[in-house]
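# A look at the structure
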Amino acid sequence: MQVLEFVVQGLKHFPEQKRFTLTKGLNALVDSSEGSPRAATLADALRGLLTFSPQNSYAPQVADPAAAISRVGATLLGSDGTTYRLIHDLKTGLYALHQQKPGGAFEPLSSQATEVAQFLKTQVGLPPEDCYQKILAAAGRDLPSKRVAAHPATGMMPGMMMPGMMMPGMMMPGMMMPGMMPGMMPGMMPGMMPGMMPGMVPGAGGPTGVGLGKAVSFAHLSPEDKKQRLEGNRKALGKLKEQQALEFDLDGVQRRRFELDEVLRPVRDAEGKIAEVQELLKPLADVERLPADMIKQLDVFARQKTALEKELREAEEYGHKVQQDERNAVVPPPWTDRVFQVGAGVGLGALLIGLGGAAALDAPGMRYLGFLDVLGFGAVAVSLLTYISKLEDLADLKGQEGVVQERKDKAQRRFDLDTSSIRRLLAESKVVDDAGVEDLRYKVAERDKLRVLLAQKQAEAENVRLQVAPNVGPTEYEDLQKRQADLEARLQGMSFSGNEKDLLEEIRVLSAELGLPPPSDDPSQDGYDSGYPPTRGGGGPGGVGASGYGEAGEDGYGVEEPAGTDARYCLPGGDPPPAGGPPGALPAFMMGGFPGMTPGAPDAVVQLMKVAVDLFHQPVAALGQAAQQRTAQYLGALSDRRFANVSFNDKGDVTAVDAQGKVTPFATLPPQDQDLAWLSVLMTLVEMHLRKRPVPVLAEGWFATIPDVKHPLLAKMLQFLASLGQVVVFCSRASVADGAETVINL
């Protein structure tokens, strides 16, 4: 079962109509105002609507006494797969339950409280009222620390009366008030029977109105007043039909959205995986703009840089060699060369001997010795040539220094030209060294890997969409959301409901009395008239009495609280009454309790387990055994492992065992630890029931005494419970329900 929509009007803090669309999973209604009165009002209203009981009416708690219209309604998806609408008029106390027909309109099922309650249990899937209120929709006031223990001697709670006690002003048996006749009850007028109202006669169904045993007549009105009333009724009927048409459209939009929610659930899961990958890509936003082949460019850049470094290194080494050669290439003057010296000596000597000897000795043959100077001077020439060659080599070596520098410059220019684009990208990425390049390479590699994964997930999502929703348009769901918001905005200023049958009846009567043609409007044609409860009780067999709850004594129904009574002041742990007490409350002298009353509720878990017996149809001992391990896990987590285990006795009471093995009964735990233990048992029972039969869980005020630092843990616990069924948490901070599918700020 699931609550699809919750609608209120004329409630405390909600004077205007307000609609809340809920989804499957975790829903959070967040009220950050002091004391969270809005959240408490909505929780009481929804809890009361789903678990109404004439003996414990929730209307005084939530209804605004000054509001002309005060109503609560909900659209429910039953466990049988059928959509139902349940509406409660808090002013008249009347209920109406309707079932959605295949065409989309709602048809009436019942307006009798007992039948509605039975139908909610058997068809819709709600557990018994007490089980739902105390376990699956428990309130923060049920926390042990919020209660007051009974007086140890009397066992009485504040406001309880002992047998024989009388309140001030109570009549003793047999007492009669002045003017009373025998057999009369206080407040009766002569001639009245018990249960009659002034002006009624035996057999009449109630006050003047349609379907109450007395026909409508406007004979007392003038023709002009009749015309004005007829015109007003026609306008009201037109507005009502306009509202009904809008609500019919809204129902269709919501129904289609709910259908799409189920159809698109696999798509949503696939899109969730896409969102996870996109979330991983966010830290890499600074490299998102880089080209797809950035890794390849970085590899080319690395190779080019290595080549440049190698070429520069080789040029540098060659330059060092040239410098070394220059230092080694010393060219001495040729005359210091021994070859030059010998050659010059031989040449000069031969020339002198040949020429001089021939002249002096008059020996012409000695002139031939002068030819030996050719050899000597040839040696000198060779020495000179060698000298010149060495000088040229030295000049070449000096010229190589410029070649080395030119070689370096050429390599750098080629590198700069080839890497201009990648260096620009590196500069834009503020990369200035090799470490930055490696970090950039890692980020780009991660980006490329996630891009591949994202494309894969997108393809999988598209494949899932084609498989499960081939006929669903890409924007259909978003269009439905916009359409729903537009319809809700148009409905916002309209009345919550009206009684079309009464309006038509008055129009017919007025038309007849004015001699006008009867109206042709048929309230059953649009199939939506039954979407609202009648504003008066229906007479006839099986009808609803004026109280809206059926005959007294029928399944215990029919006993209403005095007007204005606030049920909160009658519940253990409820809010303290205002000064003087609420209307209809017990006198102040009975609300103070007795000496010896202490905070806390030592039997809170026992009471919880007793209710669980009716919920699970198992004895207390078996429930305690089934709940022991899970309760210990919840309590250990909530208490920061101060408690390691728990045990249940045959009465359902729990005993906590701390990490050192110390055993502490629940009754002797401090109030805050009692809250933790009670809450652990509660969530265990909730989890057990959700695994058995999912129903909406209303968590209001459960964590009121738990520190804020525990909110992440509480959020995880709620998310787990929501994975088993719908959970609606009413809280003052969104962190309690972090990760909720639906968050509504009140």
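In what follows, the structure referred to is the one given above.
The text that follows walks through the structure, step by step, so that each part is easy to find. (Residues numbered from 1 in each chain as written. Predicted model: local features only at pLDDT ≥ 70, side-chain atom pairs only at ≥ 80, totals over all residues. Heavy atoms only, no water.)

Another point: the overall build of the protein chain. Across its full length, the protein chain holds 17 helices and 13 strands. Within the protein chain, the proportion of its 746 residues that are buried is 42%. The contacts of the protein chain with a sequence gap of at least 6 include a subset with a gap of at least 24, amounting to 71%. Within the structure as shown, the protein chain displays about 38400 Å² of accessible surface, and the carbon and sulfur contribution to it stands at 58%. (Helix = DSSP H or I, 4+ residues; strand = E, 2+ residues; numbered from the N terminus. Buried < 20%, exposed > 50% of the residue type's maximum accessible area, 1.4 Å probe, protein only. Contact = heavy atoms within 4.5 Å. Areas by Shrake-Rupley, 256 points an atom, 1.4 Å probe, with all protein chains shown as cover.)

Not every positive phi belongs to a glycine, and Lys 430 is a case in point at roughly 60°. Relative to the helices and strands, Lys 430 is located in the loop between helix H10 (420–428) and helix H11 (434–468). Here the phi dihedral of His 617 falls at roughly 55°; this positive angle occurs in a residue that is not glycine. Looking at the element boundaries, His 617 is found in the loop between helix H14 (604–616) and helix H15 (620–638). On the basis of relative accessibility, which here comes to 67%, the residue His 617 falls in the exposed class.

Under the defined criterion, the tally for this structure stands at 33 salt bridges. Note that Arg 47 is salt-bridged to Glu 700, the shortest N-O span being 3.5 Å. Here Arg 47, found in helix H1 (residues 37–50), pairs with Glu 700, found in strand S11 (residues 697–700); they are 653 residues apart in sequence, far enough to count as distant. Assigned by exposure class, Arg 47 and Glu 700 land together as buried. Between Asp 486 and Arg 483 there is a salt bridge whose closest N-O contact spans 3.6 Å. With a gap of three residues between them, Asp 486 and Arg 483 both fall in helix H12 (residues 476–492), about one helical turn apart. Here the residues in one salt-bridge network are Asp 44, Arg 47, Arg 141 and Glu 700, joined through shared partners. (Salt bridge = Lys/Arg side-chain N within 4 Å of Asp/Glu carboxyl O.)

Bridge count between strand S6 (residues 94–100) and strand S7 (residues 106–110): four bridges; the pairing is antiparallel. The partner of Leu 97 across the bridge, within S7, is Ser 110. Between S6 and the antiparallel strand that follows it, S7, lie five residues; Gly 104 among them carries a positive phi value of about 110°. (Pairing = 2+ DSSP bridges.)

Here helix H3 (residues 113–124) has its buried residues at Ala 113, Thr 114, Val 116, Ala 117, Leu 120 and Val 124. Contact partners of the buried residues in H3: H1, strand S4 (71–77), strand S5 (83–89), S6, S7 and helix H4 (129–136). In the segment just after H3, Gly 125 is the residue with positive phi, at about 110°.

Another point: the sheet that holds strand S3 (residues 26–30). Taken in spatial order, the four strands of this open sheet run S11-S12-S3-S13, and their pairing is parallel. Whereas interior strands pair on both sides, the edge strands pair on one side only; in this sheet they are S11 and strand S13 (742–745). The mean angle between the axes of side-by-side strands here comes to 15°, regardless of whether they run parallel or antiparallel. Contacting S3, S11 and strand S12 (727–731), H1 runs over the sheet at an angle of about 150° to S11. (Axes fitted to C-alpha atoms, helices over the stretch in contact; angles between N-to-C directions.)

With that settled, the discussion passes to the packing of H15 against helix H17 (residues 711–722). At a closest axis distance of 10 Å, the pairing of H15 and H17 adopts a crossing angle of 155°. Taken together, the axes of H15 and H17 are roughly antiparallel relative to one another. Of the two possible hands of crossing, H15 and H17 adopt the one that is right-handed. Where H15 abuts H17, its residues Arg 630, Tyr 634, Ala 637 and Leu 638 lie against Leu 713, Leu 714, Met 717, Phe 720 and Leu 721. (Parallel < 35°, antiparallel > 145°, perpendicular 65-115°, else oblique. Left-handed = near helix turned anticlockwise from the far one by under 90°.)

Sheet strands pair via backbone hydrogen bonds, and the direction of the pair is either parallel or antiparallel. Strand order in the open sheet formed by three strands is S8-S9-S10, and the pairing between neighbours is antiparallel. Single-partner strands in this sheet number two, and they are strand S8 (643–648) and strand S10 (663–665). The average angle at which neighbouring strand axes cross in this sheet is 25°, direction not considered. Two elements, S8 and strand S9 (residues 654–658), share five bridges in a ladder whose sense is antiparallel. If you follow Ser 647 over to S9, its bridge partner there is Thr 655.

Attention now goes to the packing of aromatic side chains. Throughout the structure, instances matching the rule amount to five aromatic pairs. Taken together, the aromatic side chains of Phe 6, Phe 14 and Phe 20 make up a single cluster linked through ring pairs. The aromatic ring of Phe 106 is capped on one face by Arg 85, whose charged end is 4.3 Å from the ring centroid. Positioned over the ring face of Tyr 477 is Arg 268, at 4.4 Å from the centre of the ring. (Phe/Tyr/Trp six-rings, centres within 6.5 Å; stacked < 30°, edge-to-face > 60°. Lys NZ or Arg CZ within 6 Å of the ring centre and 35° of its normal.)

Its 17 residues place the ends of H12 24 Å apart at the C-alpha level, agreeing with the 24 Å of an ideal helix rising 1.5 Å per residue. What H12 keeps buried is the set Tyr 477, Leu 480, Gln 484, Leu 487, Glu 488 and Leu 491. The buried residues of H12 all sit within an arc of 100° when viewed along its axis, so they share a single face. For H12, the exposed residues set more than 90 degrees away from the buried face come down to Lys 482 and Ala 489. (Expected span 1.5 Å × (residues − 1). Arc of directions from axis to C-beta.)

A few words on the pairing of S4. The element S4 is largely enclosed, with a buried count of six among its seven residues. The pairing of strand S1 (residues 2–9) with S4 spans seven bridges and is classified as antiparallel. Bridging across to S4, Val 3 finds its partner in Leu 76. Pairing geometry for S4 and S5, over seven bridges, is antiparallel. Of the residues in S5, the one forming a bridge with Arg 71 is Asp 89. If you look at the hairpin formed by S4 and S5, you'll find five residues sitting between the two strands, and Gly 81 has a positive phi there, around 85°.

At a minimum axis distance of 10 Å, the contact between H14 and helix H16 (residues 671–692) shows a crossing angle of 10°. When the interaxial angle is binned, H14 and H16 end up roughly parallel. Along its contact with H14, which presents Ala 604, Val 605, Leu 608, Met 609, Ala 612, Leu 615 and Phe 616, the element H16 presents Trp 678, Val 681, Leu 682, Leu 685, Met 688, His 689 and Lys 692. Counted by class, the contact of H14 with H16 contains twelve nonpolar, one polar and one charged residues. (Nonpolar A, V, L, I, M, F, W, Y, C, P; charged D, E, K, R; others polar.)

What follows concerns the nonpolar core. Core analysis: the largest hydrophobic core is formed by 97 residues, its most contacted members being Ile 135, Trp 678 and Trp 702. The leading source of residues in this core is H16, at ten residues. Once residues lying within four places of it in the same chain are set aside, the contact partners of Ile 135 are Leu 608, Val 611, Ala 612, Leu 615, Leu 682, Leu 685, Val 686 and Trp 702. Membership of the second largest hydrophobic core comes to 23 residues, among which are Leu 281, Val 287, Leu 308 and Phe 415. (Core = buried A, V, L, I, M, F, W, Y, C linked by side-chain atoms within 4.5 Å.)

What follows concerns the environment of Ala 28. Residue position: Ala 28 is located in strand S3. Spatially, the C-alpha atoms of Ala 28 and Thr 742 are 6.2 Å apart, while their sequence positions differ by 714 residues. Setting aside residues up to four positions removed in sequence, Ala 28 forms contacts with Val 729, Ala 737, Ala 740, Thr 742, Val 743 and Ile 744.

A few words now on the environment of Glu 247. Looking at the secondary structure, you find Glu 247 in helix H5 (residues 223–263). In this structure the C-alpha to C-alpha distance between Glu 247 and Leu 487, which are 240 residues apart in sequence, comes to 7.8 Å.

Before going further, it helps to spend a moment on the environment of Ala 621. Note that Ala 621 resides in helix H15. Since its relative accessible area comes to 47%, Ala 621 is described here as partly exposed. Once the C-alpha coordinates of Ala 621 and Phe 648 are considered, the two residues, 27 residues apart in sequence, prove to be 7.6 Å apart.

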